[in-house]
Structures are given as C-alpha cells and as structure tokens.
Amino acid sequence: MVVMVVVASYILRYDGHTVLSVDRVLSKRVLQSSPNTTWDWSQRRPDYPISTYQLLPAGKPRQLPQVQATFDSGTTNEGMKWLHRRRQVKAVFERCWSSYRTRAWPYDELYPISGGGHDTFGGWAATLVDSLDTLWIMDMKEDFATAVLDAGRIDFSNSTDEIISIFETTIRYLGGFLSAYDLSGNAVLLRKAVEVGNMLLVAFDTPNHMPIAKWDWRAAKEHYQPQVAPVSALISELGSLSLEFTRLSQITGDVRWYDAIARVTNLFLAQQNATKLPGMWPISVNVRDEDLTSDYTFTLGAMSDSCYEYFPKMYALLGGLESAYQQLYTGSMAVAMERMFFRPMTPGNADILLSGDLFAKDNGTVDLDPRQQHLTCFSGGMLGLGGRLFNMPDLFTVGRKLTDGCVWAYQAMPWRVMPDSARFVPCEPNSECNWAREAWLAEVLKRNESSDNATESARAQNLPEGFTQIDDPKYRLRPEAIESMFVMYRITGDVSYRDKAWEMFQAIDSVTRTELANAELVDVTTPGTPIKDDRMESFWLAETLKYFYLIFSDEMPLHVTIMSEKLRLWEHWPGKE
Ligand SMILES: *[C@@H]1O[C@H](CO)[C@@H](O)[C@H](O)[C@H]1NC(C)=O
Ligand SMILES: *[C@@H]1O[C@H](CO)[C@@H](O)[C@H](O)[C@H]1NC(C)=O
Ligand SMILES: *[C@@H]1O[C@H](CO)[C@@H](O)[C@H](O)[C@H]1NC(C)=O
Ligand SMILES: *[C@@H]1O[C@H](CO)[C@@H](O)[C@H](O)[C@H]1NC(C)=O
Ligand SMILES: *[C@@H]1O[C@H](CO)[C@@H](O)[C@H](O)[C@H]1NC(C)=O
C-alpha cells in the first residue's frame, strides 16, 4: 500500500518501508527558475587543454596500520546514557535543520536570531548540501530524501556571487555531495558532484594549470578575459582540494580531477624545503609564478589549516600508494613539533600543548607568537591520525596533548566556551613550566599598552589565569575542538573524552541557543549572558553537531573513515569494522 503524506511543504509517497517519491508543493526561488540546468560546465571549451594526465596510483592498496581502538559492543546502562546524550544532540540538530528548511532554504544560511536566509557561498543552498551526510548519519532519512530532491535542482551554471571561492565550493558543496553519495549511493548526489566538479575544473584552465582561488565564473564561462592563476593566494586555498578531487576521480574513473590536484601536490613537494621555514609552507603564496617561498608567516590556523590536514588523509585515501603525501606530512610536522607547539603556563600546571604562529626571518631565526586560534584545534586529531598511520608514536602523544589543550581552553573560560583566538605564556621546551602568577601578570601587562596595572588589566578583560590576551573573543560555532576529541576517542577508546564532550556540548548549546536555532557569540568573556551574532555557518550542522553525535555513538553502522576537511565519513580509515 502506498501512503501519501504531506510533510511541511512536501508530498511524500511512502510504502511503509521506503520513500517512493517526494514532491515539493511550495518553494521560493526554485520554482522561479528553471529546475533544469541549461548550461553544463563540461561544454566549455578549454583555453589550455591538457595533453598528458597524471593517473591515480595503480596497484593493490597497502595494508595500513590500525588507527581505531577496538570497542566492545553490547547494551549496558552506560550505553543507555550515551544513547540519551546522542538524542539530545540530534534534537538540537533537528531544531536548527527545521528552522533552516522552513525559514531560510534555498538560501545558503539561516539567520538564527531574526529568521530568514541569506547567501554566503554562491547561493546554492550551502547549509542544505553541507548537512546531507549528517542527515544520513542521524538517521533522518525522510529529511535526507527531500533534501536530495532539492539538491538535485541546484543550478551550478549561475550564482548569486560574482566571485566564487574554489576552496569553499570544494569543501562545502563537492565534499557535501561526495560524502552523502558515499554513504547513501544516491545517484542524484553523484550527478551533482560531477556538475560542481566540472565547474571547479574550469578554474584550473590557466597557462600553468594552477587554480584561480577567487574565481570570476562568468568571465570563465563567456571567455571574456584570459584566465591566469593569482599572484597572491592562501596556502589553504591551494592545498585543501585534494581529497574531494581525488575521491571524485576514484568514483567516476575520470582522472581529470586527480590530475588537477596532483600538479599542485608536485609543487608543494618541489618547494617544501625551499621556504623560509623549510618543511612548511607560508600563508601567502604566488600561484601564477609557482613561488611558495616568499612569505614569512606560518601557522596551522586560519589560511593554512586544512592544507596540512589533507596530507595524512590523502595518504590513506590512496591506499598508501602515494608516498608524496607521507613526505609532505612528516616533513611539515617535524618542524611544527620542534617549533610551533608550545606548552602554556597554567594554574594547574596542565601537561598540554597549544599550536602557535611562527614568523621566520631572513637570517634564519624564527619567532613564536604564542597565540592559539580555535581553528588550530583540528591538529590534535591530525597528529593522532598521522601518528597511527605512519607509526610515529611521538606524533600521537603530541596530538593527544594538543587535543587536551583545546579542552583546557574551553574549561578555563567563564562560559566553558573557548574564544576564537587568545595568547598565553609559553614555557621553554622541556622546562618545569610551573605556574608563576607574577610571570603571567607581567605578560598581561606587556599585551596591554594602555595599562600600567596588570591586575586591573586582567580584571577589566575578564582574563582567566593563564590567558594573557583574548585577541578575538568570538565563538563561531566552530567544530575543530570536538573534531579532535572525537578522533582521539576513536583512536584511544578513552571514555573521558566522551564526558568532556558532554560538558562541552551542554556549555555550547546553553549559551548559543536562540528561539530558532543556535547563533555565534560576539564575546565569550562577557559576564551575564553572552551577546549573540545573527549567524550560523553551515559547519555547525555539517561538522560540530555531527562530531558531538558521533562521539556518543557506540557503533557506527557504516564503513567509516574520516576524510576531508569536514571529517567526511569515507571508507578508508582502517580499523573499525
Ligand atoms: C542568475 O542569478 C542571478 C542572481 O541570483 C539572477 O538575477 C539571474 O536572473 C540568474 N540568471 C539566470 C539565467 O538564471
Ligand atoms: C626535505 O628535507 C628533509 C630533511 O633534510 C628530507 O628528509 C626530505 O627528503 C626533503 N624533502 C624533499 C621534498 O626534498
Ligand atoms: C635576525 O634578524 C632579526 C631581525 O630581523 C634580529 O632581531 C635577530 O637578532 C637576528 N638574529 C641573528 C641570529 O642574527
Ligand atoms: C592595581 O590595581 C588594584 C586595584 O584595581 C590595586 O589594588 C593595586 O594596588 C594596583 N597595583 C599597583 C601596582 O598599582
Ligand atoms: C587595558 O587595561 C585597562 C585597565 O588597566 C583596561 O581598562 C583596558 O580595557 C585594557 N585594554 C585592553 C585592550 O585590554
């Protein structure tokens, strides 16, 4: 028997087991424009055709070391506790999702305070596409089915933006389609992945086949200005395309995407030891002239982060058959281990590490800015994963301390929510690192030019002990801390990460919750109720809530592996059945 149900603005045809079809009754923008894309990016004639493609590495994938701990299954009272917590995470997701769908879709993002939507990433319903795999994982299959239907009608031949970020489009849209396709096998998602993939490839149609990071898609479509790679781009924009492009080539058997990023990888490799900080690459690079060596600033934070994160995941995705990614990873992490990670002086003498910024000088000296960005919190998981994959226990140990550093920074704050960026007192490597209040206050004073009284300055800024300055007091609903906690939990099986995650989840939800959804915070240091900002980026649903859900999940009914910027769940993270 087929039942027809009207859910919100959909008609669902349902046979008791499977959703047979879903039709939209009402939609805003989608109905106004043609549902069928009239232009396909693969029709565009290339200006710089490629004569020889680099092929995916051939051969039988290598047996990679086990990454994940072995977990006992079985239903216990403990198990019920986690089930209950997982449901609470899902309830938060459902609330936000429903508000996005009813009030903001087909826009990119929901305004979580005022309601309504706005476009931030090209106008292709970023939150919808980015959240697809979370919907699947949380077993929201009807919402998934309707979302896929709407995703199938997104028109990538047009955009609300004149300039498109190749990086953001890759991680949010291409990554969104691919991860959901890998989980569900739904053909619509693969078709859309290919559509976006064809568009993204056009940004590589330059004399040296390097991508245009901020891309004028209309000029490319209509050939009205020559395409050239930029003289200034960010290293993350260049380095964080490889997983999605490689996966698309693997699935389709079409090597063009892998070829495109293999050229970038070769450039990284050729110049790895030629930079101002040999082993790592600076934030700003010249892509037109293929010069990655001129800039002086190095970080695992903003504008770099996922470039490094992709190396070990690429190695795993390619079944260990491409050693370049091992070289890129171990070479860069050796430097980060030696210079970038520092132990902050804390009241409890916590044995933790944070990841700072480095400034290289022409004479070879390197200065550490002991500033930790929330974005660097992914690095704990990255070192944990790499430590296991490459059998490097030192990396693993450091990854654990970096993860614990982020947990500490959350717990130290008045609302138990970490700011986007803050400074600390770094201890000398291998020193005792005992708490010294006077030394902390001296640093607080140094950071505040308009004060001659450190105690007063610390109090005026609500600085927790150990923090010397909070240079960006926002909380942007970011995922990196829980991402690393989830990875560490899966690697170690250490349940304390779950308990800490539960505290963190409650803290975040209680201070960011609005009538409709959850919103960014303007300042996590303010007493009283923190002030909210009317913004909810797609990663809140696509990453943050997904990792909270997953860390409370005993079993994963999936072949999981964790890939891509979004910790997408793909099949190549060994060890968990
Ligand atoms: C492309 O998108 C813009 C902005 O949303 C819109 O004004 C325009 O009508 C669209 N063009 C086509 C051909 O759909
Ligand atoms: C860079 O230098 C390191 C250390 O000297 C060396 O092991 C590595 O092979 C070099 N990398 C490349 C790409 O030449
Ligand atoms: C290197 O140069 C910086 C200034 O750029 C200077 O402060 C530092 O003392 C120099 N170090 C050495 C070892 O020459
Ligand atoms: C700093 O200010 C506090 C009160 O805000 C005061 O008690 C203390 O004496 C001041 N310290 C100095 C060195 O002036
Ligand atoms: C510097 O310290 C003074 C108190 O001495 C405080 O009022 C002010 O907010 C501080 N400024 C900054 C930028 O932290």
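Nothing here was measured: the structure is a model prediction, and the numbers come from that model. (Residues numbered from 1 in each chain as written. Chains lettered and ligands numbered in written order. Predicted model: local features only at pLDDT ≥ 70, side-chain atom pairs only at ≥ 80, totals over all residues. Heavy atoms only, no water.)

The biggest cluster of nonpolar side chains holds 173 residues, and the ones touching the most others in it are Leu132, Trp215 and Phe245. Not counting the four nearest positions on each side in its chain, Trp215 is found in contact with Trp41, Glu162, Ile163, Ile164, Ile166, Met199, Val202, Ala203, Ala220 and Gln227. (Core = buried A, V, L, I, M, F, W, Y, C linked by side-chain atoms within 4.5 Å. Buried < 20%, exposed > 50% of the residue type's maximum accessible area, 1.4 Å probe, protein only. Contact = heavy atoms within 4.5 Å.)

Our next topic: the sheet that holds strand S16 (residues 421-424). The strand order across the open sheet built from three strands is S15-S16-S17, with neighbouring strands paired in antiparallel fashion. Every other strand in the sheet has two partners, leaving strand S15 (371-373) and strand S17 (467-472) as the edge strands with one partner each. Strand-to-strand twist of the sheet, defined as the mean angle between neighbouring strand axes without regard to direction, takes the value 25 degrees. Relative to S16, S15 runs antiparallel, the two being bridged by three bridges. By the bridge assignment, Gln372 is partnered in S16 with Ala422. In this fold helix H16 (residues 437-447) packs onto S16 and S17, with an angle of close to 35 degrees to the strand it touches most, S17. (Pairing = 2+ DSSP bridges. Helix = DSSP H or I, 4+ residues; strand = E, 2+ residues; numbered from the N terminus. Axes fitted to C-alpha atoms, helices over the stretch in contact; angles between N-to-C directions.)

A few words on the site of ligand 2. Around ligand 2, a shell composed of Leu269, Asn273 and Gln327 is seen. A distance of 2.3 Å is found between an oxygen atom of ligand 2 and a side-chain nitrogen or oxygen belonging to Asn273. Gln327 has a polar side-chain atom sitting 3.0 Å from an oxygen atom of ligand 2. A total of 360 Å² of accessible area belongs to ligand 2 in isolation, and the protein chains cover 35% of it. (Near = heavy atom within 4 Å. Polar contact = N/O pair within 3.5 Å; in protein donor to acceptor, adjacent residues only side chain to side chain. Areas by Shrake-Rupley, 256 points an atom, 1.4 Å probe, with all protein chains shown as cover.)

Right, let's get into the site of ligand 4. The environment of ligand 4 is made up of Asn453, Glu456 and Arg459. The contact in question runs from an oxygen atom of ligand 4 to an N or O atom on the side chain of Asn453, over 2.3 Å. Interatomic distance of 3.3 Å between a side-chain N/O atom of Glu456 and an oxygen atom of ligand 4.

The antiparallel open sheet is built from three strands, whose spatial order is S10-S13-S14. Strand pairing shows two members of the sheet lacking a second neighbour, strand S10 (297-298) and strand S14 (366-369), which therefore form its edges. Where helix H13 (residues 324-340) meets the sheet, it contacts S10, strand S13 (357-360) and S14, and its direction lies at approximately 70 degrees from that of S14.

Overall, the predicted model of the chain reaches an average pLDDT of 89, with 89% of residues at or above 70. Below pLDDT 50 for its whole length, residues 1-35 participates in 70 contacts with residues either more than four positions away or in separate chains. Across residues 557-577 the pLDDT falls below 50, and counting only partners more than four positions away or on other chains, this stretch makes 96 contacts in the model. (pLDDT = per-residue confidence, 0-100.)

Our focus in this paragraph is the pattern of salt bridges. For the structure shown, the criterion picks out 33 salt bridges. Through salt bridges with shared partners, one network takes in Glu109, Glu168, Arg172, Arg535 and Glu537. (Salt bridge = Lys/Arg side-chain N within 4 Å of Asp/Glu carboxyl O.)

Further remarks concern the state of the cysteines. Within this structure, the stated rule accounts for two disulfides. Sulfur-sulfur distance for the disulfide between Cys377 and Cys406 comes to 2.1 Å. Torsion about the S-S bond of the Cys377 and Cys406 cystine: about -100 degrees, corresponding to left-handed handedness. Residue Cys377 is found in the loop between S15 and helix H14 (379-389), and its partner Cys406 is found in helix H15 (residues 393-412); the two are separated by 29 residues along the sequence. Each of the two residues, Cys377 as well as Cys406, counts as buried. Paired through a disulfide, Cys427 and Cys433 show a sulfur-sulfur distance of 2.0 Å. (Disulfide = S-S within 2.5 Å.)

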